[in-house]
Amino acid sequence: DMGGHDTYMHKEIFEQADAVDRVLRGRIDDRFSTVHLGGLNLDAREARGVRRIKILGCGTSYHAGQIGAQLIEELARIPADAEPASEFRYRNPVVDPDTLYVAVSQSGETYDVLAAVQELKRKGARVLGVVNVVGSAIAREADGGTYVHAGPEVCVVSTKCFTNTVVAFALLALHLGRIRDLSVADGKRIIDGLRRLPEQISEILAGEDEIKRLAAEYAEAKSMMFIGRVRGYPVAREASLKLKEVSYIHAEAYPASELKHGPLALIEPAMPTVAIVPDDDLLEKNRAAMEEIKARSGRILAVAHQVQEKADHTIVVPKNENELDPILMGIPLQLFAYHTALAMGRDIDKPRNLAKSVTVE
Ligand code: M6R
């Protein structure tokens, strides 16, 4: 049942305010400015012993894990990074007892992720799952973890599960941070930010008509560039993947700072750029990158917290706490990918060559 929507992708994009509300529900502890995650199976003493966190996933779940790693470093000050699960498994990784491994998966059935979990467990590592489908293979194999509570996701192209996974990581980061050095005031600041998300998501989705218009304007391109820095970079990667999967338009994602090391050679009027420009300490750097692109006659669509003069168009998104900005900035670009694909007559819920869960290697 698509509840009045023409595709599952559209329905799922519009379910995000409710889905985020669901992942927060019952978990916030205002008294200690922290959150409780029931199934982690990691007590405070064990959590304090964690020296590193390694996050493993594929595709969109990997991108959500990249933002998750940044959130963990920012809020809990534990070194963290994300890696594609398949690559991790084949490079004979050094498995360290003080590292906490986190497997991320919507379906909980992705073979590459499951196999990485099994290999880690064989080597005696502790593995948590950040999974959407309850009782799935990865959820069962993991030592503990947290469910993402996005609800069923039918479209092959993942949208609401990405957003909820990032929110689940924010909860994990807040929890780990508050057992370590994150202050009560910062804990409260993040909790207040999390509580603002559902309304801000609705606000973004209310701008659909404008995004649809922009999609029509940019989507004659053969190829598009997506750029961002630090918090904006995984957002750019995920937006680039969304556009590729559902519209089949070629897209590249780069850190804005890397442009001058090569990809700038691609910039010309026929190669528009989508720039993720949060209002944080990298704002001026991002403006400088947009200037470089304008100087090569590149067109720019910015996703930002205020109208960007250097850009040809700006999709303005509501500001949250800096750490939580990546959660919101990708949402208009889900709609951008959707409307681009719709205008091109693509099979939105089942893009060619793809399957919802990749249960083979
Ligand atoms: O079910 P999983 O999250 O483990 O799936 C991982 C990827 O296959 C998945 O995110 C894929 O990239 C989607 N088609 C993205 O929209």
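What you are looking at is a predicted structure, and each value in this text was computed from that prediction instead of being measured.

## Details of the sheet that holds strand β9 (residues 250-255)
Thinking step 1. The strand order across the open sheet built from five strands is β9-β8-β10-β11-β12, with neighbouring strands paired in parallel fashion. Two strands bound the open sheet, and with one partner strand each, they are β9 and β12 (313-316). Averaged over all neighbouring strand pairs, the angle between strand axes comes to 20°, with direction disregarded.
Thinking step 2. The sheet contact formed by strand β8 (residues 223-228) and β9 spans six bridges and is parallel. Counterpart to Gly228 in the pairing with β9 is Pro255.
Thinking step 3. Contacts between helix α14 (residues 331-343) and the sheet are confined to β8, β10 (273-277), β11 (300-304) and β12, with β11 contributing the most and set at about 145° to the helix.

## Observations concerning the site of the ligand
Thinking step 1. For the ligand, the set of nearby residues contains 13 residues, the closest of which are Ser61, Ser105, Gln106, Thr110 and Glu245.
Thinking step 2. Between the ligand and Ser158 there is a distance of 2.9 Å, counted from an oxygen atom to a backbone nitrogen or oxygen.
Thinking step 3. If the ligand stood free it would expose 410 Å²; the protein chains cover 91% of that surface.
Thinking step 4. If you map the ligand onto the pockets, it falls in the largest pocket.
Thinking step 5. When residues of the shell around the ligand are traced back to their parent elements, those giving at least two are α4 (59-76) and α11 (232-247).
Thinking step 6. It is α4 that contributes the most residues to the shell around the ligand, three residues altogether.
Thinking step 7. In terms of residue class, the shell around the ligand is made up of three nonpolar, eight polar and two charged.

## A word on the pattern of salt bridges
Thinking step 1. The full count for this structure, using the stated rule, is 31 salt bridges.
Thinking step 2. With a shortest N-O distance of 3.7 Å, Asp112 and Arg89 are connected by a salt bridge. Note that Asp112 is positioned in helix α6 (residues 111-122) and Arg89 in helix α5 (residues 85-90), a separation of 23 residues in sequence.

## Observations concerning empty space enclosed by the protein
Thinking step 1. Under the defined criterion, the tally for this structure stands at one cavity of 30 Å³ or more.
Thinking step 2. In this structure, the largest cavity occupies an estimated 40 Å³ of space.
Thinking step 3. Lining the largest cavity are Phe162, Glu238, Ala239, Lys242, Gly330, Ile331, Leu333 and Gln334.

## Remarks on the packing of aromatic side chains
Thinking step 1. In total, this model carries one aromatic pair according to the counting rule given.
Thinking step 2. Each ring, one from Phe88 and one from Tyr101, has its centre 6.0 Å from the other, and the planes form 50°; the classification is tilted. Highlighted residues: Phe88 in helix α5 and Tyr101 in strand β5 (residues 99-105), separated in sequence by 13 residues. Side by side, Phe88 and Tyr101 carry an identical accessibility label, which is buried.
Thinking step 3. We note Arg299 situated over the ring of Tyr218; from NZ or CZ to the ring centre the distance is 4.7 Å.
Thinking step 4. Its guanidinium or amino end placed over the ring of Tyr248, Arg352 lies 3.9 Å from that ring's centre, counting from NZ or CZ.

Procedures and definitions
Residues numbered from 1 in each chain as written. Predicted model: local features only at pLDDT ≥ 70, side-chain atom pairs only at ≥ 80, totals over all residues. Heavy atoms only, no water. Pairing = 2+ DSSP bridges. Helix = DSSP H or I, 4+ residues; strand = E, 2+ residues; numbered from the N terminus. Axes fitted to C-alpha atoms, helices over the stretch in contact; angles between N-to-C directions. Contact = heavy atoms within 4.5 Å. Near = heavy atom within 4 Å. Polar contact = N/O pair within 3.5 Å; in protein donor to acceptor, adjacent residues only side chain to side chain. Areas by Shrake-Rupley, 256 points an atom, 1.4 Å probe, with all protein chains shown as cover. 1 Å grid on protein atoms, 1.4 Å probe; cavity = no way out; pocket = protein on both sides within 12 Å on 5 of 7 lines; lining within 4 Å. Sits in = over half its atoms within 2 Å of the grid points. Nonpolar A, V, L, I, M, F, W, Y, C, P; charged D, E, K, R; others polar. Salt bridge = Lys/Arg side-chain N within 4 Å of Asp/Glu carboxyl O. Points joined across faces, edges and corners; volume = space filled by probe spheres on them. Phe/Tyr/Trp six-rings, centres within 6.5 Å; stacked < 30°, edge-to-face > 60°. Buried < 20%, exposed > 50% of the residue type's maximum accessible area, 1.4 Å probe, protein only. Lys NZ or Arg CZ within 6 Å of the ring centre and 35° of its normal.

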